[in-house]
Amino acid sequence: MSTSLKTKSISIIKAFTITCCFILLNSACTSTNEVSPPEPIYPVPTEDQMAWHEMEMNAFIHFTTNTFTGKEWGYGDESPEIFNPTDMDVEQWVSTINDAGFKGVILTTKHHDGFCLWPSEYTEHSVKNSPYKDGKGDVVKEVSDACKKFGLKFGVYLSPWDRNFKEYGQPEYITYFRNQLKELLTNYGPVFEMWFDGANGGDGYYGGAKETRKIDNKTYYDWPNTIKLARELQPHILFFSDAGPDIRWVGNERGYVGETNWNTMTPDTLYAGKADINDLLNAGSEDGTDWIPGEVDVSIRPGWFYHAHEDSKVKTPEQLFDIYLTSVGRGSVLLLNIPPDRRGLVHENDVESLKGFRALLDERFSNNIADKAKATADSYRGKSKQYGPANMLDNNMDTYWTTDDDVKTGSFEIAFAQPEEVSYILLQEYIKLGQRVKGFNVEVMKNNEWQQVSNATTMGYKRILKIDPVTTQRIRINITDSKACPVISNVEVY
Ligand code: FUL
């Protein structure tokens, strides 16, 4: 072989080797990248529902003539003259709510008594005929402006039942209701949630008729067309009602969703004459056809409206914390009602309690000991680090640990550098791919043995398990049952 041929051969071999290495290297990289993510398990949340889940805590504000009459349900014959807050400061409401960590506000723009907190052009029964700001006030505008100022989302409660309107029960009322909706959804900026109350009591003032009127809740309001109209005006709006379509009631107003809480439900089953309708709302259903997550509405006081005689009955910070665990901690959104008083201020006792609640949240959930821990798992998808257990501790909600498609159970372990006292374990499923986990338990290593400290069913957007404080260096979470391969995006330990 001539020298030139030899040099040529060497270069060819070199080039070949480099190319091979490159191909090998490349294929090694792509094999990591090529493991495809799990297919979604339908139904899944829409982007707007996902943003709603992430809000976690919102505030309800009940305020109307009831605040001044002491009633919970006004009859509809109250004079607008009685609506007269003496020291109104809407920014005090919203800043209090903001300081406590709530992300949105839903205001009762019109409760069952029909009195409107905005100067609707379709009725005289509103703030425009009250002494408040000499009839020039608009509480809806004030609250929506304050929300913008403090960076909170604004939502609207408009009672379908109207005990003041003379044509309630007739088709004319539906036109009136829709006209009011148009005002609310056009004049006050973005509205993130619309709350349609299922209460329809029957008797009322009805323009002086003073009688009982019954309507068919399923057909009278023609919800599909009302919702269509609302969506045209506010494309991102979400509708709350017993049946959704976007957010469901949880069947009680005492502050808890089921320990088993599916975000899915089949709306048709609701009115199918089931005796256990509230249980269905409380737990959702595993095989539900639609994503309709539950919202826990509850008041900080016994009533929804302010009553001075309830000043000593404001829920304590500990009670609010417990409600947090049975709502947010079970994968739901909390809607806590904070009703302003006759001055037009959130009462001092409520402010104190909310401050205490915030302090408890900060104190109990400030030091995530999983932050510096190490995670391992018995398996992970395609043996690809892209789906490895470290993803659950990286504070990135878009990375996750998951397994191969045929693996529906699995264990992962969180190990700390030294023994730590543990009281709460927080877990989040990556629900953008659907809700999957049906059963799991938590064990801690104690005296060289695994001991079970908690046993649960669903996980969902967020699950917080409170355990008897225990000192341990290792925690193991065992997924015992799942609709499909589990997909977990976040774990925190406190
Ligand atoms: C109920 C209403 O009747 C209460 O007054 C309150 O507004 C609550 C949030 O919903 O159905």
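Residues numbered from 1 in each chain as written. Predicted model: local features only at pLDDT ≥ 70, side-chain atom pairs only at ≥ 80, totals over all residues. Heavy atoms only, no water.

Examining the overall build of the protein
Logical step 1: When helices and strands are tallied, the protein shows ten helices and 19 strands.
Logical step 2: Within the protein, buried positions represent 55% of all 494 residues.
Logical step 3: Looking at the protein alone, contacts between residues at least 24 apart form 76% of all its contacts between residues at least 6 apart.
Logical step 4: Split by element, the accessible area of the protein, about 21400 Å² in all, is 51% carbon and sulfur.
Logical step 5: For the protein, the distance from the average site of its 51 positive side-chain charges to the average site of its 70 negative ones is 5 Å. (Helix = DSSP H or I, 4+ residues; strand = E, 2+ residues; numbered from the N terminus. Buried < 20%, exposed > 50% of the residue type's maximum accessible area, 1.4 Å probe, protein only. Contact = heavy atoms within 4.5 Å. Areas by Shrake-Rupley, 256 points an atom, 1.4 Å probe, with all protein chains shown as cover. Lys, Arg positive; Asp, Glu negative; His and termini not counted. Charge placed at Lys NZ, Arg CZ, Asp CG, Glu CD.)

A look at the site of the ligand
Logical step 1: Residues in close proximity to the ligand include Phe 60, His 62, Trp 73, His 111, His 112, Tyr 157, Trp 195, Asp 197, Ala 199, Glu 253, Asp 297 and Trp 304, which together make up its full environment.
Logical step 2: With respect to the ligand, the side chain of His 112 contributes an N or O atom lying 2.9 Å from an oxygen atom.
Logical step 3: Glu 253 is positioned such that a nitrogen or oxygen atom in its side chain is 3.4 Å from an oxygen atom of the ligand.
Logical step 4: Among the residues forming the shell around the ligand, the class breakdown is six nonpolar, three polar and three charged. (Near = heavy atom within 4 Å. Polar contact = N/O pair within 3.5 Å; in protein donor to acceptor, adjacent residues only side chain to side chain. Nonpolar A, V, L, I, M, F, W, Y, C, P; charged D, E, K, R; others polar.)

Overview of the environment of Phe 115
Logical step 1: Considering the arrangement of structural elements, one finds Phe 115 in the loop between strand E2 (104–110) and helix H5 (139–150).
Logical step 2: Owing to a relative accessible area of 0%, Phe 115 belongs among the buried residues under this scheme.
Logical step 3: Along the backbone, Phe 115 and Asn 84 are 31 residues apart, and their C-alpha atoms lie at a distance of 13 Å.
Logical step 4: Apart from the residues lying within four places of it in its own chain, the contact partners of Phe 115 are Thr 64, Thr 65, Pro 80, Phe 83, Thr 109, Lys 110, His 125, Ser 126 and Val 127.

Here's the deal with the sheet that holds strand E12 (residues 333–337)
The pairing of strands in a sheet comes from backbone hydrogen bonds and takes either a parallel or an antiparallel form.
Logical step 1: Spatially, the eight strands close up into a barrel ordered E1-E2-E3-E4-E7-E8-E11-E12, and their pairing is parallel. Each strand of the sheet is rotated relative to its neighbour by a mean of 25°, with strand direction disregarded.
Logical step 2: The pairing of strand E8 (residues 247–249) with strand E11 (residues 294–299) spans two bridges and is classified as parallel. Bridge pairing in E11 links Trp 249 to Glu 295. (Pairing = 2+ DSSP bridges. Axes fitted to C-alpha atoms, helices over the stretch in contact; angles between N-to-C directions.)

Quick look at the confidence of the model for the protein
Logical step 1: On average, residues of the protein carry a pLDDT of 93, and 92% of them reach 70 or more.
Logical step 2: A low-confidence stretch, residues 1–32 (pLDDT under 50), is modelled with four contacts involving residues beyond four sequence positions or located in other chains. (pLDDT = per-residue confidence, 0-100.)

Some words on the pairing of strand E19 (residues 487–493)
Logical step 1: Among the seven residues that make up E19, seven are buried, leaving the element largely enclosed by the rest of the structure.
Logical step 2: In terms of strand pairing, strand E14 (residues 401–402) meets E19 through two bridges, oriented antiparallel. Within E19, the residue paired with Thr 402 across the bridge is Val 487.

Quick notes on the packing of aromatic side chains
Logical step 1: Under the counting rule described, the total for this entry stands at 36 aromatic pairs.
Logical step 2: Ring geometry for Phe 321 versus Tyr 324: centroids 6.3 Å apart, planes at 20°, classification stacked. Placement of both Phe 321 and Tyr 324 in helix H9 (residues 317–326) is noted, with a separation of three residues, approximately one turn of the helix.
Logical step 3: Through a chain of ring-to-ring contacts, the aromatic side chains of Phe 165, Tyr 168, Tyr 173, Tyr 176, Phe 177, Phe 196, Tyr 206, Tyr 220, Tyr 221, Trp 223 and Phe 239 assemble into a single cluster.
Logical step 4: Over the ring of Phe 321 we find Arg 364; its NZ or CZ atom is 4.6 Å from the centre of that ring. (Phe/Tyr/Trp six-rings, centres within 6.5 Å; stacked < 30°, edge-to-face > 60°. Lys NZ or Arg CZ within 6 Å of the ring centre and 35° of its normal.)

Details of the environment of Trp 450
Logical step 1: Looking at the secondary structure, you find Trp 450 in strand E17 (residues 449–456).
Logical step 2: Look at Trp 450 and you get partly exposed, because its relative accessible area is 22%.

Regarding the packing of helix H4 (residues 90–99) against H5
Logical step 1: Look at H4 against H5: their axes get within 9 Å of each other, and the N-to-C directions meet at 40°. The angle between H4 and H5 places the two elements in the oblique class. Note that H4 runs across H5; the crossing there is right-handed. On H5, the residues touching Val 90, Glu 91, Trp 93, Val 94, Ser 95 and Asn 98 of H4 are Val 139, Glu 142, Val 143, Ala 146, Cys 147, Lys 149 and Phe 150.
Logical step 2: Taken together, the residues of the contact of H4 with H5 break down into eight nonpolar, two polar and three charged. (Parallel < 35°, antiparallel > 145°, perpendicular 65-115°, else oblique. Left-handed = near helix turned anticlockwise from the far one by under 90°.)

Considerations on H5
The periodicity of an α-helix, 3.6 residues per turn, causes residues three or four places apart in sequence to face the same way.
Logical step 1: Relative to the 16 Å expected for twelve residues at 1.5 Å per residue, H5 spans 16 Å between its end C-alpha atoms, a close match to the ideal helical length.
Logical step 2: Here the buried face of H5 lies against H4, E2, strand E3 (153–158) and helix H6 (171–187).
Logical step 3: The opening residue of H5 is Asp 138, an N-cap whose side-chain oxygen sits 3.2 Å from the backbone nitrogen of Val 140.
Logical step 4: A positive backbone phi angle near 75° is found at Gly 151, which sits one or two residues after H5. (Expected span 1.5 Å × (residues − 1).)

Remarks on the side chain of Ser 482
Logical step 1: Within the secondary structure layout, Ser 482 lies in strand E18 (residues 463–482).
Logical step 2: Within polar-contact distance, the side chain of Ser 482 engages the backbone oxygen of Arg 436 at 3.4 Å.
Logical step 3: Among the polar contacts made by the side chain of Ser 482, one reaches the main-chain carbonyl oxygen of Ala 484 at a distance of 2.6 Å.
Logical step 4: Non-local contacts of Ser 482, meaning those with residues more than four positions away in its chain, are made with Lys 408, Arg 436, Val 437 and Lys 438.

Description of the environment of Asp 138
Logical step 1: In this fold, Asp 138 is placed in the loop between E2 and H5.
Logical step 2: Overall, the relative accessible area of 14% leaves Asp 138 in the buried class.
Logical step 3: Through-space distance from the C-alpha of Asp 138 to that of Val 346 is 18 Å; in sequence the pair is 208 residues apart.
Logical step 4: Setting aside residues up to four positions removed in sequence, Asp 138 forms contacts with Leu 117, Trp 118, Pro 119 and Tyr 188.
Logical step 5: Within the structure, Asp 138 has its side chain in polar contact with the side chain of Tyr 188 (distance 2.8 Å).

Describing the state of the cysteines
In a disulfide, the sulfur atoms of two cysteines are covalently bonded to one another.
Logical step 1: Considering all chains together, one arrives at zero disulfides under this definition.
Logical step 2: Among the cysteines around Cys 116, which has no disulfide bond, Cys 147 carries the closest sulfur, lying 19 Å off.
Logical step 3: A relative accessible area of 0% places Cys 116 in the buried class. (Disulfide = S-S within 2.5 Å.)

What about the pattern of salt bridges?
Pairing is possible between side chains of opposite charge, provided their charged atoms come close.
Logical step 1: Taken as a whole and assessed by the stated rule, the structure comprises 26 salt bridges.
Logical step 2: The salt bridge partner of Asp 246 is Arg 231, with a shortest N-O separation of 3.3 Å. Residue Asp 246 is located in the loop between strand E7 (238–241) and E8, and its partner Arg 231 is located in helix H7 (residues 223–233); the two are separated by 15 residues in the primary sequence.
Logical step 3: Residue classification places Asp 246 among the buried residues on the basis of a relative accessible area of 10%.
Logical step 4: On the basis of relative accessible area, Arg 231 is assigned to the partly exposed category, the value being 31%. (Salt bridge = Lys/Arg side-chain N within 4 Å of Asp/Glu carboxyl O.)

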